[in-house]
Amino acid sequence: GVTPTVVTQRLKLARVSPVVIEAYRKGKLNLEQVQAFAVSDDHEAQAALFHDFDPDRNDADDIRDALTENDIAVTDKRVRYVTLKAYEKAGGTVRRDLFSQDDDGVFILDVPLLDRLVAEKLDRAAKTAQKEGWKWVEIHSDFDYQAKSKFHIRREELTPISAKKQAELETLQKEYDELEDQWSNSDDAERPERLDEIGERIEELNAGREKVWPAETLAIAGAVVHLDHSGKAEIVRGLVRPEDMPKKNGKSDATAPDATDPDRKSTRLNSSHL
């Protein structure tokens, strides 16, 4: 008179470590906590956790988290990118927590297969960057701040304008910076109207200009295709390895690229007044 799901759940509970079952019989654990222990079939791990576990201070979620801390849930960004459906279609297997109601209770068992599927899909996504003419393109499932900090960063530049307009932009930017500095260091709460006038003229001069990657940047820089925190492919462009940086006086130029680019000011002009 019960559903197959209930039968399966009871069979699962019957396979929990005898240490946990005995604690439940003695009233040291409630049913929800025992169900949480069932997320793993490893009796040694269950018993070890129970001996270090304070049932009065920790709940069922704490038990599940501890027993699955090294497992890959379907909420992992790699699974979101590949999709669970594609993983299972490729022959991947999963373990399901019979007492969880959502995807948090589904775990990936074939990690090498998952990583291969991620790499293959990222490789297809990398074709966009490969067509752009970069010196190199690499694929990484993870590319955090520490990994990015190993590279020098080059930025896109605005398409050139006439020398006359460029000179006007630089003059306006200098005036803007001076006025803004004076205003910020004064007691005057009202923003100078001249700042808005300069900003409008800068927008007029920059209207129609596009951001492009200069040929000299493409010749020395590369791109990394990786997964962002939400599980989507992202391309980070303009990465220059230290050994590829242009040399100055026999030494590598370690100065930040966007501080030395001749067109840096014109790029800054496009946003400084916003």
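Residues numbered from 1 in each chain as written. Predicted model: local features only at pLDDT ≥ 70, side-chain atom pairs only at ≥ 80, totals over all residues. Heavy atoms only, no water.

K.L.:
Break down the overall build of the chain for me, citing the residues and quoting the values.
P.N.:
Of the regular secondary structure elements, the chain holds 14 helices and 11 strands. Out of the 274 residues belonging to the chain, those deemed buried represent 35%. Here the contacts in the chain between residues at least 6 apart in sequence split such that 66% fall between residues at least 24 apart. Here the chain has roughly 16,800 Å² of accessible surface; of this, 48% comes from carbon and sulfur atoms. (Helix = DSSP H or I, 4+ residues; strand = E, 2+ residues; numbered from the N terminus. Buried < 20%, exposed > 50% of the residue type's maximum accessible area, 1.4 Å probe, protein only. Contact = heavy atoms within 4.5 Å. Areas by Shrake-Rupley, 256 points an atom, 1.4 Å probe, with all protein chains shown as cover.)

K.L.:
Just give me the short version of the confidence of the model for the chain, but keep the residues and values in it.
P.N.:
For the chain, the average pLDDT comes to 84, and 89% of its residues sit at 70 or higher. Mean pLDDT across the elements of the chain bottoms out in helix α14 (residues 264–269) (37) and peaks in strand β8 (residues 222–227) (96). Under a pLDDT of 50 for its full length, residues 254–274 has, in the predicted model, 38 contacts with residues more than four places off or in other chains. (pLDDT = per-residue confidence, 0-100.)

K.L.:
Hey, could you go over the pairing of strand β9 (residues 233–240) for me, with residue numbers and the actual values?
P.N.:
Pairing of strand β5 (residues 152–153) with β9, which is carried by two bridges, proceeds in the antiparallel orientation. Bridging from a neighbouring strand, histidine 152 pairs with valine 240 of β9. From the end of β8 to the start of β9, which pair antiparallel, there are five residues, and glycine 231 there has a positive phi angle of about 90 degrees. (Pairing = 2+ DSSP bridges.)

K.L.:
Please provide a residue-by-residue account of the sheet that holds strand β1 (residues 72–73), values included.
P.N.:
The antiparallel open sheet is built from three strands, whose spatial order is β1-β3-β2. The open sheet has two edge strands, β1 and β2 (94–96), and neither has a second partner. Pairing of β1 with strand β3 (residues 106–108) involves two bridges; the strand directions are antiparallel. Its bridge partner being in β3, alanine 73 is matched across the sheet by phenylalanine 107.

K.L.:
Pulling in residues and values, what's your account of the environment of threonine 83?
P.N.:
Note that threonine 83 resides in the loop between α6 (77–82) and α7 (84–89). Residue classification places threonine 83 among the partly exposed residues on the basis of a relative accessible area of 34%. Remark: the alpha-carbon pair of threonine 83 and valine 118, spanning 35 residues in sequence, is separated by 9.8 Å.

K.L.:
Describe the packing of helix α11 (residues 163–184) against helix α12 (residues 193–206), with residues and values.
P.N.:
Put simply, α11 and α12 touch, their axes get as near as 10 Å, and they point 155 degrees apart. With respect to each other, α11 and α12 are oriented roughly antiparallel. Pair α11 / α12 crosses with left-handed handedness. Note on element contacts: α12 touches α11 through Arg194, Leu195, Ile198, Arg201, Ile202, Leu205 and Asn206, opposite Lys165, Glu168, Leu169, Leu172, Gln173, Glu175, Tyr176, Leu179, Glu180 and Trp183. (Axes fitted to C-alpha atoms, helices over the stretch in contact; angles between N-to-C directions. Parallel < 35°, antiparallel > 145°, perpendicular 65-115°, else oblique. Left-handed = near helix turned anticlockwise from the far one by under 90°.)

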